[in-house]
Amino acid sequence: MASPVGEDNWVGFVDSQLREATDLDARVNIVESFRRAVSAEPGSIKVWSAYCEYFWSLYTDCQPGSDAGWSQEEHQLGREVFTLDAALALWQQAYESVQYRLSDSHELWNRWVSLEMELLARGATEAGIRRITHLFKNRLAVPHATWDATSQMFSTFLSEYNQAAYELEMKAVTINARDAKRIYDMRDPFEMKLRAAARSGDAEATKAIMSEYLDWEIKQSKGKRDAVANFQICLGLFSRAQTGELASDEDTWLNFVVFISSARSELKAGRSRIPANLLPNMLDVLQRAVHHVPWCGTIWARYILAAEEAGLSFTDIERIKHAATSSAQLDRDGMMGVLEMYAAWCGYLKRTAMNPNATEEAVDIADVGLASAIEDVKHWGKRRYGDTYQGDPNFRLEKILIQFLTEKKDDIEAARSEWGRLADINLYANSYDFWLNWFLWEMVVFTATKNKTRSPTPATLAHGLRVPSHATNVFKRALKVRTLDWPERIMEVYIQHCNDYELADTLREAQDTVYKTKKGVAKRREREAAQAAAAQAEYAAQVQDQTMADAPHVSVESAASPSSKRKREESPDQEGDKSGKRAKSEGPNGVDAKRDREHTSVFVAGLPSDATQTKVRQFFREYGHVNNIDIQRKGDSAVALVEFRTPDEARSALLRDGKPFGEREVQVTSATDCTLYVTNYPPEADDAYIRKLFKGCGEIHSIRFPSLKYNTMRRFCYLTFRDRASAAAATKLDGKSLEGGKFKLSAKISDPGMKRRREGAQAESRELHVSYVPRHTTDDDLRQLFAKAGTVISVRVPRDMAGRTKGSAFIVMETKEQAQEAINTFDKVVFANHALKVELSKPLNQKTTATSHGAGSAGSPEAESPAAGASPLSAPGFSNPTHAEISARTIAVLGIPDTMNDTRVRAILDPTGTIVKLVLHPKHGGAIVEFADAASAGKASLTIDGLEVEPGKKLRVGTVPELFRTEGETRIDRIDKPQPQAQAEAKEKKKPSAAELMPPPPNIRRAPLGRSGPKRGLGFVAVKKDKDAVNGTSIAGTAPGGGKSNADFKKMFLGEGKANSDATEKKAENVEP
């Protein structure tokens, strides 16, 4: 019988045995089962508590006076086995195993110390008081969530049993606990998030927070301060994760394995401060891991490697391999897990055989075992996928066999035959990478055997020169494959090789072959381009059909016609922000419209975890212009997706495959056909939803959601896998029904060259827009009228809540000619005392806002926003609310990412209260939300303020005017262009020039020349000239000619202001109260 997996299963398993235990032997067997349980789940509070409670019950049942129903003999034997010391020692062992589970270790501790205090109460002794005092002191020195409660318990204990030492003991405890409290305070924000997620019942949120917590804790454990405590807390957090929501999460287990492995490496190198006894045994960790995630081939591979490193016998390691192949879940996620496990097994066989001290038996085992492993994998793949399975794209097992045959067996011909066998399989024959690997192997063999054998090439003209003819034949055979994925690269290396090593006639033949092959490749590229164009047209038609068919979130009125609302309501965010003013080279999301990520990118695997964009860019410096680099880190390694400017540059970058990057050798592979265009999923879908949906297809590198700043109707994303096989497997989900058939998923290989073909009545100029329609006009009235111009397909008259028309209608005719005839016939024709205006319907502008009422939906066709000073929102269903009432229950949520639609925003806000209306403004990075009452609005403000919705992006609550003063985020996912933040900082640092600081000159109106001034009217008294003027120059501050100087004007202005102020005050004093 297989052992249980998980704490709940272990407890249930032991409980089932407990119900059948009627004698002492059965009870001893249950104790043995508990020992197995705590060995399998050493960090489980639930298992330890059940074990300790059961053992304590055995201790009490065998005591004199017990009514448990044991026989006299069982009582006597039980008192010898289930002693008090053994029971208390078990409680202490349990506590030491779980004491660093910060959130819940108090559950076991409180029970243990209560039993200790019960024993003390029966008969207090100095030794007993010292023991419990020691237990409390140790506990209070360990960080935990209920430190205050524990301190209060200790205070009560001292008051009762050791009053004289109360102050001294409490003071010492407070001083010693400073570090413990400081350490817990650092982790309290994560603990609060976990508690909030647990209360809401959101399992996905709990997993995400726990994963983030683990990553943070691992970084803390690498620091010098509190190194030992941080390491133990990290172990405790992993125990919580592995017995909770992440018990079956392979990333968590891999993270744990790498964490322990790295700690052991640091300890071995003498760089670690962690005592060796605190490190878990690696084999025990991996044994638990393969039980929890038996489908993870990487874990099985690690298990085999750890067993080899620990020096286990061949029989023991073979037993691990058989356990893996016997698991029914190893191929749950495809053949990748099977291949990884077998690669580890074959690597072990090869290393054992190639050891200088290896026995003949080890060599024979490897000889048979390697070939057998290749056959096993082949049969496994055929059994799972049928004839479609062709093998491992990276031919890992075959490489190991070839190395073994070459270096250990010295059987070059057998190894060459293995290469030839692989070349007959289309999967490898179509890959330029396979042929280059074969060529490099032949060159290594050629170099190694240079002085052993004569060349098979005649040396008549070469004067004894040896040439690598086998390596040359590899290229000849490769270029005969018409479906080779990158023949240009093979031809390039072929010519270079012949120039370096071959004779003149062979070089000439190579040039002839390359010339003819290039012509064939050119024709092939033309055919592929034509097929791609046809496929694009077909795909665009399918997308159009699916998009028109899948609109569950659109109201009935808007679904009747793609032009349900022609005139957009004005909003403050429309002013000064016209999408047409964007650069011609930019699309709606502000990026280059000609950008082709899917055909200009490569994957770089095997990078160190500290690799930066700058280092990766320098690595490809001579191979092309790098547009962007997306680095995803996992454990001690990283994978980068590098985007170049052109497809040719991306292909040339593949030459860096196998080159060293620092101390590591990286793998560079093409990212073409690794990205999917995914649409028609539920509007509430986010990154986690998409990852879960495609989890079984393969490893996901990244997910890109589009910006909604220029069109909130967008609902698609780009899903990038690490390899083509995973992307191809993901396309099998195309057409999958989601949410009971409400949505039909579309998942196809992305091709930026596709252009969506416009279809439908509007695009075909068959839809008419009729204005000035009388209020009481029916659909039949218009149908009868326009039937005179041709066949009417449909009539739609938008109506208000009272059932009256809104003054317009949309009519679809059968043909374009009939629509034109209707325009010629009925435009400006008087109908029911109204002059109709008939014209072709125009496309609906892209929506920059999204409005939802009540339940709401993404991509709401309305686009409302209040004008300055107007009521923010008006709630349907409320009778004439005042401006103050609406303002009191309305909040503005700021900091919303421009990729988040209104449905996802509602999902965050719905738990806080009833939402009446929500208007999303992606261009301002926020939303206006009206709740049913002011209390809900206040609760929402407190709940979501500071809430992190994406890494590094937190929501905040503000006012509506503040929202419209805020600009939404600007995302430039390129490293070759300045980022918005850098531009802003540069703008702030730029000092204004002297001309900018100088105020503008005053606008002075001067009298025209030749005139003494304006004509004076009756009663005008001329101003006398200044008597103090001398020789036409005025005295200090007086302008020439008796005019006013600038100083005079300033003095007069200030004096007038003061006089006005005095007059105002005097007037105020004369007013009676």
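The rules behind these values
Residues numbered from 1 in each chain as written. Predicted model: local features only at pLDDT ≥ 70, side-chain atom pairs only at ≥ 80, totals over all residues. Heavy atoms only, no water. UniProt positions renumbered as here; feature names shortened; annotations may be inferred. Helix = DSSP H or I, 4+ residues; strand = E, 2+ residues; numbered from the N terminus. Buried < 20%, exposed > 50% of the residue type's maximum accessible area, 1.4 Å probe, protein only. Contact = heavy atoms within 4.5 Å. Areas by Shrake-Rupley, 256 points an atom, 1.4 Å probe, with all protein chains shown as cover. 1 Å grid on protein atoms, 1.4 Å probe; cavity = no way out; pocket = protein on both sides within 12 Å on 5 of 7 lines; lining within 4 Å. Points joined across faces, edges and corners; volume = space filled by probe spheres on them. Pairing = 2+ DSSP bridges. Axes fitted to C-alpha atoms, helices over the stretch in contact; angles between N-to-C directions. Phe/Tyr/Trp six-rings, centres within 6.5 Å; stacked < 30°, edge-to-face > 60°. Salt bridge = Lys/Arg side-chain N within 4 Å of Asp/Glu carboxyl O. Expected span 1.5 Å × (residues − 1). Parallel < 35°, antiparallel > 145°, perpendicular 65-115°, else oblique. Left-handed = near helix turned anticlockwise from the far one by under 90°. Nonpolar A, V, L, I, M, F, W, Y, C, P; charged D, E, K, R; others polar. Polar contact = N/O pair within 3.5 Å; in protein donor to acceptor, adjacent residues only side chain to side chain. Core = buried A, V, L, I, M, F, W, Y, C linked by side-chain atoms within 4.5 Å.

Within an unreviewed UniProt entry, the label attached to the protein reads U4/U6 snRNA-associated-splicing factor PRP24, and the organism entered is Cercophora newfieldiana. Word for word, the UniProt comment on the protein under Subcellular location (unreviewed entry) is "Nucleus".

Colleague: When you look at the overall build of the protein in this model, what are you seeing that I'm missing?
Modeller: The number of helices and strands found in the protein is 39 helices and 25 strands. The burial tally for the protein puts 42% of its 1073 residues in the buried class. When contacts within the protein are restricted to residue pairs at least 6 apart in sequence, those whose partners lie at least 24 apart make up 66%. A total of about 58,500 Å² of accessible surface is found on the protein, and carbon and sulfur atoms cover 52% of it.

Colleague: Help me out: how do you make sense of empty space enclosed by the protein in this one?
Modeller: The method is simple in principle: a probe with the dimensions of a water molecule rolls over the atoms, and the space it marks as empty is what remains. Summed over all chains, the structure comprises two cavities of 30 Å³ or more. In this structure, the largest cavity spans a volume of roughly 90 Å³. Residue lining of the largest cavity: Tyr681, Pro683, Ala685, Phe705, Pro706, Leu708, Arg714, Arg715, Phe716, Thr899, Asn901 and Arg904, and that is the complete set. When its volume is computed, the second largest cavity comes out at roughly 30 Å³.

Colleague: I would appreciate a short explanation of unusual backbone geometry in the present structure.
Modeller: Backbone geometry at Asp673 places phi at a positive 65 degrees, although glycine is not the residue there. If you trace the backbone, Asp673 turns up in the loop between strand 6 (667–670) and strand 7 (675–679).

Colleague: Help me out: how do you make sense of the sheet that holds strand 6 in this one?
Modeller: Adjacent strands of a sheet form backbone hydrogen bonds with each other and so pair up, either parallel or antiparallel. Read across the sheet, four strands follow the order 2-3-1-6 without closing on themselves; strand pairing throughout is antiparallel. Either end of the sheet is taken by a strand with one partner, and the two such strands are strand 2 (626–634) and strand 6. Between one strand axis and the next, the sheet turns through 20 degrees on average, direction left out of account. Bridging between strand 2 and strand 3 (residues 637–644) involves eight bridges; their strand directions are antiparallel. The partner of Asn628 across the bridge, within strand 3, is Glu643.

Colleague: What exactly am I supposed to notice about the pairing of strand 7 here?
Modeller: Residues in a regular strand point their side chains to alternate faces of the sheet. Counting buried positions along strand 7 gives five out of five residues, so the element sits mostly inside the fold. Side chains of strand 7 alternate between two faces, with Thr675, Tyr677 and Thr679 and Leu676 and Val678 buried alike. For strand 7 and strand 9 (residues 716–721), the ladder comprises five bridges, and the chain directions are antiparallel. Following the sheet pairing, Leu676 is matched in strand 9 by Leu719.

Colleague: Could you clarify how one ought to interpret the packing of aromatic side chains in this entry?
Modeller: What describes a pair of aromatic rings is the distance from one ring centre to the other and the angle between the planes of the rings. The full count for this structure, using the stated rule, is 47 aromatic pairs. On the numbers, 5.5 Å between centres and 85 degrees between planes, the contact of Phe55 with Phe82 is edge-to-face. Of this pair, Phe55 sits in helix 3 (residues 45–61) while Phe82 is found in the loop between helix 4 (72–81) and helix 5 (84–98), placing the two residues 27 residues apart along the sequence. No difference in accessibility class separates Phe55 from Phe82, as the two residues are buried. A ring pair is formed by Phe694 and Phe721, whose centres lie 6.4 Å apart and whose planes are at 70 degrees; its orientation type is edge-to-face. Highlighted residues: Phe694 in the loop between helix 29 (687–693) and strand 8 (700–704) and Phe721 in strand 9, separated in sequence by 27 residues. Looking at Phe694, the relative accessible area reads 0%, which means it is buried. Aromatic ring contacts, followed pair by pair, group Tyr95, Trp109, Trp112, Phe136, Phe154, Phe157 and Tyr161 into a single cluster.

Colleague: I'm lost on the environment of Ala177 in this one. Help?
Modeller: Take Ala177: it is sitting in the loop between helix 9 (166–176) and helix 10 (178–200). When the C-alpha atoms of Ala177 and Leu140 are compared, they prove to be 6.2 Å apart, with 37 residues separating the residues in sequence. If near-sequence neighbours (up to four positions away) are discounted, Ala177 is found in contact with Leu140 and Trp147.

Colleague: What is the right way to look at the environment of Pro752 in this model?
Modeller: Here Pro752 is to be found in the loop between strand 12 (746–749) and strand 13 (767–771). Of the residues examined, Pro752 reaches a relative accessible area of 35% and is grouped as partly exposed. In this structure the C-alpha to C-alpha distance between Pro752 and His599, which are 153 residues apart in sequence, comes to 8.8 Å. Apart from the residues within four sequence positions on either side, Pro752 is in contact with Arg595, Asp596, Glu598 and His599.

Colleague: Just to check I follow, could you spell out the pattern of salt bridges for this structure?
Modeller: When the charged atoms of two side chains lie near each other, side chains of opposite charge can form a pair. The final tally for this structure, using the stated rule, is 41 salt bridges. Measuring nitrogen to oxygen at the nearest pair gives 2.8 Å for the salt bridge that ties Arg416 to Glu442. Remark: Glu442 occurs in helix 22 (residues 432–448) and Arg416 occurs in helix 20 (residues 412–423); sequence separation between them is 26 residues. Glu442 sits in the buried class, given a relative accessible area of 3%. A salt bridge links Arg799 to Asp779, with the shortest nitrogen-to-oxygen separation between them at 3.3 Å. Taken as a pair, Arg799 in the loop between strand 14 (792–796) and strand 15 (808–813) and Asp779 in helix 31 (residues 779–786) lie far apart in primary sequence, 20 residues in all.

Colleague: Before we go on, may I ask you to explain helix 20 in this structure?
Modeller: Each α-helix winds once per 3.6 residues, and so residues spaced three or four apart point in a common direction. Taking 1.5 Å as the rise per residue, helix 20 with twelve residues should run 16 Å; its terminal C-alpha atoms sit 17 Å apart, in good agreement. Buried within helix 20 are the following residues: Ile412, Ala415, Arg416, Glu418, Trp419, Gly420, Leu422 and Ala423. Elements that come into contact with the buried residues of helix 20 comprise helix 18 (360–385), helix 19 (396–408), helix 21 (426–429), helix 22 and helix 23 (469–478).

Colleague: Help me understand the packing of helix 7 (residues 126–140) against helix 8 (residues 147–161), please; the structure alone is not making it clear to me.
Modeller: If you want to describe how two helices pack, look at the angle between their axes and the distance between the axes. Here helix 7 crosses helix 8 at 160 degrees, and the two axes come no closer than 10 Å. When the axis of helix 7 is compared with that of helix 8, the two are roughly antiparallel. Crossing geometry of helix 7 relative to helix 8 is assigned as left-handed. Of the residues in helix 8, those touching helix 7 at Ile129, Ile132, Thr133, Phe136, Arg139 and Leu140 are Trp147, Thr150, Ser151, Met153, Phe154, Phe157 and Tyr161. Looking at the contact of helix 7 with helix 8 residue by residue, the class counts come to nine nonpolar, three polar and one charged.

Colleague: Please clarify how the sheet that holds strand 8 should be interpreted in this entry.
Modeller: Taken together, the four strands give an open sheet; going across it, the order is 8-9-7-12, and neighbouring strands pair in antiparallel fashion. Looking at which strands have only one partner, the edges of the open sheet turn out to be strand 8 and strand 12. Neighbouring strand axes in the sheet, compared pairwise and without regard to direction, differ in orientation by 25 degrees on average. Bridge count for strand 7 against strand 12 is four bridges, and the pairing is antiparallel. Residue pairing across strands places Thr679 opposite Ser746, the latter belonging to strand 12.

Colleague: I keep staring at the side chain of Thr777 and nothing clicks. Help me out?
Modeller: Its location among the elements puts Thr777 in the loop between strand 13 and helix 31. Assessed through its relative accessible area of 4%, Thr777 is described here as buried. Among the polar contacts listed, one links the side chain of Thr777 to the backbone oxygen of Pro774, at a separation of 3.1 Å. Leaving out residues up to four positions away in the same chain, Thr777 has contacts with Leu782, Arg799, Thr805 and Phe831.

Colleague: Can you walk me through the nonpolar core in this structure?
Modeller: In globular proteins that are soluble, nonpolar side chains generally tend to be buried together. With 184 residues, the main nonpolar core has Ile299, Trp435, Phe620 and Val642 as its most contacted residues. Among the elements that make up this core, the one with the highest residue count is helix 17 (residues 336–354) (eleven residues). Residues within four places of Val642 in sequence aside, it is in contact with Thr600, Ser601, Val602, Val604, Val616, Phe620, Val626, Asn628 and Ile629. In terms of nonpolar packing, the next biggest core, distinct from the first, is built from 21 residues, Val678, Phe705, Ala727 and Leu733 among them.

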